[in-house]
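# Residue-level structure breakdown
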Amino acid sequence: MAKHWADFQYEIYLQGMTGSVPRLPTDLTRLEELTEQRLGQGPVGYVAGSAGSGSTAAANRAALDRRRIVPRMLRDVEQRDLSVEVLGRSLPAPLALAPVGVLSIMHPEAEPAAARAAAAQGVPYILSSASSTPMEEVAGAMGDGERWFQLYWAKDREVTASFLARAKAAGFTALFVTLDTPLLGWRPRDLDRAYLPFLHCVGTANYFSDPAFRAGLAKPVQEDPQAAVRHFVGMFADPAKTWPDLAFLRENWDGPIVLKGVLHPDDARRAAEAGVDGVVVSNHGGRQVAGSVAAADALPRVVEAAGDRLTVLFDSGIRTGDDIFKALALGARAVLVGRPYAYGLGLDGQAGVEHVIRCLLAEFDLTLALSGHSRPTTPSADDLTEEAR
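Residues numbered from 1 in each chain as written. Predicted model: local features only at pLDDT ≥ 70, side-chain atom pairs only at ≥ 80, totals over all residues. Heavy atoms only, no water.

Quick look at the packing of aromatic side chains now. In the structure shown here, the tally under the stated rule is 13 aromatic pairs. Measuring from ring centre to ring centre gives 6.3 Å for F149 and F163, while their planes differ by 75 degrees; the resulting arrangement is edge-to-face. Note that F149 is positioned in strand 6 (residues 147-152) and F163 in helix 7 (residues 157-169), a separation of 14 residues in sequence. On the basis of relative accessibility, which here comes to 0%, the residue F149 falls in the buried class. Its relative accessible area of 1% is what places F163 among the buried residues. (Phe/Tyr/Trp six-rings, centres within 6.5 Å; stacked < 30°, edge-to-face > 60°. Helix = DSSP H or I, 4+ residues; strand = E, 2+ residues; numbered from the N terminus. Buried < 20%, exposed > 50% of the residue type's maximum accessible area, 1.4 Å probe, protein only.)

On to the environment of E85. Relative to the elements of secondary structure, E85 occurs in strand 2 (residues 84-86). Separated by 276 residues in the primary sequence, E85 and L361 have C-alpha atoms spaced 16 Å apart. Dropping the residues within four chain positions of it, E85 is found in contact with S90 and R333. (Contact = heavy atoms within 4.5 Å.)

The subject of this paragraph is unusual backbone geometry. The backbone of A110 sits at a positive phi, close to 45 degrees, despite the residue not being glycine. Looking at the secondary structure, you find A110 in helix 5 (residues 110-121). For S316, which is not glycine, the phi torsion reads 90 degrees and is therefore positive. Mapped onto the secondary structure, S316 falls in the loop between strand 10 (311-314) and helix 15 (321-329).

On to the pairing of strand 8 (residues 257-262), then. Buried residues dominate strand 8, accounting for six of its six residues. Pairing between strand 7 (residues 175-178) and strand 8: four bridges, direction parallel. Within strand 8, the position partnered with L175 by the bridge is I257. Crossover handedness for the path strand 8 to helix 13 (residues 265-273) to strand 9 (residues 278-281): right-handed. (Pairing = 2+ DSSP bridges. Right-handed = clockwise from strand over helix to strand, strands pointing away.)

With their axes 8 Å apart at the nearest point, helix 2 (residues 31-38) and helix 16 (residues 339-370) run at an angle of 105 degrees to one another. When the axes of helix 2 and helix 16 are compared, the pair comes out roughly perpendicular. When helix 2 is examined against helix 16, the residues L31, E32, L34, T35 and R38 are found in contact with a partner set consisting of P340, Y343, G344, L347 and V356. Residue composition of the contact of helix 2 with helix 16, by class: six nonpolar, two polar and two charged. (Axes fitted to C-alpha atoms, helices over the stretch in contact; angles between N-to-C directions. Parallel < 35°, antiparallel > 145°, perpendicular 65-115°, else oblique. Nonpolar A, V, L, I, M, F, W, Y, C, P; charged D, E, K, R; others polar.)

The sites that carry the UniProt feature "domain: FMN hydroxy acid dehydrogenase" (unreviewed entry) are, in the present numbering, residues 20-389. Along residues 20-389, the helical share is 41% and the strand share 12%, with 43 Å between the first and last C-alpha atoms. (UniProt positions renumbered as here; feature names shortened; annotations may be inferred.)

Let us now look at helix 7. Taking 1.5 Å per residue as the helical rise, helix 7 with its 13 residues ought to reach 18 Å, and the 18 Å between its terminal C-alpha atoms agrees with that figure. Residues V159, T160, A161, S162, F163, L164, R166 and A167 constitute the buried set of helix 7. At the N-terminal end of helix 7, a side-chain oxygen is found 2.8 Å from the backbone nitrogen of E158, two or three residues along, and the residue is D156. Positive backbone phi, approximately 90 degrees, marks G171, located one or two places after helix 7. (Expected span 1.5 Å × (residues − 1). Polar contact = N/O pair within 3.5 Å; in protein donor to acceptor, adjacent residues only side chain to side chain.)

Topologically, S282 is positioned in the loop between strand 9 and helix 14 (295-306). In terms of polar contacts, S282 uses its side chain to reach the side chain of D315, at 2.5 Å. Contact partners of S282, with chain neighbours within four places excluded, come to D180, K260, G261, V262, L263, A295, D315 and S316.

To continue, consider the pairing of strand 7. Burial along strand 7 is two-sided: the residues L175 and V177 and F176 and T178 are all buried. When strand 6 meets strand 7, the two strands line up parallel, connected through four bridges. If you follow Y152 over to strand 7, its bridge partner there is T178. Handedness of the crossover joining strand 6 and strand 7 through helix 7 is recorded here as right-handed.

What follows covers the pattern of salt bridges. Applying the stated criterion across every chain yields a total of 21 salt bridges. D238 is the salt-bridge partner of K241, the closest N and O atoms lying 2.8 Å from each other. Among the charged side chains, a network of salt bridges with common partners joins R66, R67, D297, E386 and R389. (Salt bridge = Lys/Arg side-chain N within 4 Å of Asp/Glu carboxyl O.)

This next bit is on the nonpolar core. In terms of nonpolar packing, the biggest core is built from 113 residues, with L103, Y125 and F314 touching the most fellow members. In terms of residue count, helix 16 provides more of this core than any other element does, 14 residues in total. Not counting residues within four places of it along the chain, the set of residues in contact with F314 comprises V280, V281, A295, A296, L299, A327, A332, A334, V335 and L336. Counting residues in each nonpolar core, the second largest holds 15 residues, with V84, A96, A98 and L336 among its members. (Core = buried A, V, L, I, M, F, W, Y, C linked by side-chain atoms within 4.5 Å.)

Have a look at this one:
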């Protein structure tokens, strides 16, 4: 019998019989405010902040909120199975933890704590290239848990090839290539505090531990960390990359390749023609292009363009279980969640991340059932209505 994630609510109610209540809110939209109150302005701003005035992040939320679920009645939803197959892997639910870098600014246990939480709940963890912890250490922390690797595609081909070889050796099974960050977006919350963690050697662990990166330094990292930072900044991203460059990744990675940051249907078609396995419809949570199209508004056209040639995933704006339902109804195979688990980590470490995962999936399970569905593959656009803008 499949696990019913919704049973988490009864676990909470039963614990209440002994006077115990959840350490964190079960309304995950409250986590950002709590994190603002408890953590420093620099770290919170770095995670919560967006490009420009924040219009893209607001549009992400508005696009999801504008779509309303139309529940159906008298359908047998007693037994539900949230499992899905994504990129050839069987997952217990259509959810993965999105790549979020520099997590040590949120909690000292950083990426290993988030990875352990994902493994404990059986959902994939996507490790950022810009993590605070070397990829091998994160892999060790999560045992046999499903792990995928996110690549910020460096200018230095040797460093990129080394990252891919290390990730493969550490058991990462899929590669997520972020395309929407060839340059850092204009982020006022960070700029107003002149706060960029990388300049303080935070988020550089994969680079500073990499033999190809270190081969490019005149002195060891520990002897001249600022020179290492300058070397990192000089290679971190490459705005000259074009579609033919994808061949290099395929030559150096034999697992699934997913392109993250696709919003235009023509880019989905080019991705399919390039032979990659999937795309993530994402605008980087509103952190890159101010005034960008909302991710949920872009999703249906990308799904149509992809057809059955690509696995289409979704992020940017997921905060609740009903958001997951809406993304699936619009055609996504699964969703990635970012900021909420980063807030959970900041507030309560590994337990906070597990709380976020369980709340999201309990609410999604209930939303699915109460809307007349027993599998995450059956919601469609017919189950949604759209309010006027």
